[in-house]
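# Working through the structure, step by step
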Amino acid sequence: MNAQTETLLQDGPAGRLEVAIDRPAGASVGVAVVAHPHPLFAGTMSNKVVQTVARACVQAGWTAVRFNFRGVGRSEGVYGEGKGELDDLLAVIAAQAPDGPLCLAGFSFGAFVTSHAAARVQATRDLQRLVLVGTAASRFAVADVAAELHGRTLVIHGEHDDTVPLAAVLDWARPQVLPVMVVPGGGHFFHGQLPLLRELVLRHVRV
């Protein structure tokens with residue numbers, strides 16, 4: 001993301017995982033882990049939406065951790081049908097954010113995986129912020145967000161997303177009475193609207 005990005009390989013459930021860490025200028029308020037889109041459709045931690053979310057977190061004082069799911073980039077293993085990727089995400093949280101304030105964020109397939117990670121850790125961790133962008137609700141069984149996390153959750157979706165229809169996200173959110181922020185005219189990748197996306201995420205993750 002910038003010249004100060006630290007990259008490393010850590011142990012994961014299916015072999016080593018490639019990790020990138022960006023740190024804020026001052027003291028860190030916690031660790032934000034950001035998950036990328038579908039591994040079989042060119043999703044990587046270098047995705048522009050993923051980088052935009054990570055940049056917003058750093059700007060808000062978080063240490064941002066991105067990583068490649070198994071089989072992507074230098075990460076070992078093969079695609080794990082979502083379950084393996086959840087294990088990857090939980091391994092990154094355990095290694096890079098073992099304690100303290102936590103922010104979880106994901107884009108598209110990464111939002112689906114992140115929803116399940118949040119459900120898994122929210123009872124035992126200080127999960128301060130949850131950010132779900134372009135949530136792949138039409139393609140995967142996205143986990144419900146616990147009621148106590150609703151006030152700390154930002155769900156963002158493009159009005160004209162042709163990869164994941166807005167209606168599918170609303171159908172997922174409606175039974176939970178979970179608000180969804182709609183970006184007018186926005187597509188799945190927020191082309192031309194990444195500065196707006198960064199500002200919306202930044203506003204949410206400030207603590």
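Residues numbered from 1 in each chain as written. Predicted model: local features only at pLDDT ≥ 70, side-chain atom pairs only at ≥ 80, totals over all residues. Heavy atoms only, no water.

Below, the discussion takes up the environment of Ala-20. Note that Ala-20 resides in strand S2 (residues 15-22). With relative accessibility at 1%, the residue Ala-20 sits in the buried group. In the structure, Ala-20 is positioned 14 residues away from Glu-6 in sequence and 5.6 Å away in space, judged by C-alpha atoms. (Helix = DSSP H or I, 4+ residues; strand = E, 2+ residues; numbered from the N terminus. Buried < 20%, exposed > 50% of the residue type's maximum accessible area, 1.4 Å probe, protein only.)

So, on to helix H3 (residues 109-121). With 13 residues, H3 should cover 18 Å at 1.5 Å per step; its first-to-last C-alpha distance of 19 Å lies within 8% of that length. For H3, the complete set of buried residues consists of Phe-109, Gly-110, Ala-111, Phe-112, Val-113, Thr-114, Ser-115, Ala-117, Ala-118 and Val-121. Of the surrounding elements, those touching the buried residues of H3 are strand S3 (31-35), helix H2 (83-96), strand S5 (102-107) and strand S6 (127-133). (Expected span 1.5 Å × (residues − 1). Contact = heavy atoms within 4.5 Å.)

Tallying each qualifying case throughout the model produces six salt bridges. The partner of Glu-76 in a salt bridge is Arg-16, and the shortest N-O contact between them spans 3.6 Å. One end of the pair, Glu-76, is in the loop between strand S4 (63-67) and H2; the other, Arg-16, is in strand S2, and 60 residues separate them in sequence. Judged by its relative accessible area of 35%, Glu-76 is partly exposed. Notably, a salt bridge pairs Asp-88 with Arg-70, separated by 2.9 Å at the nearest N-O pair. (Salt bridge = Lys/Arg side-chain N within 4 Å of Asp/Glu carboxyl O.)

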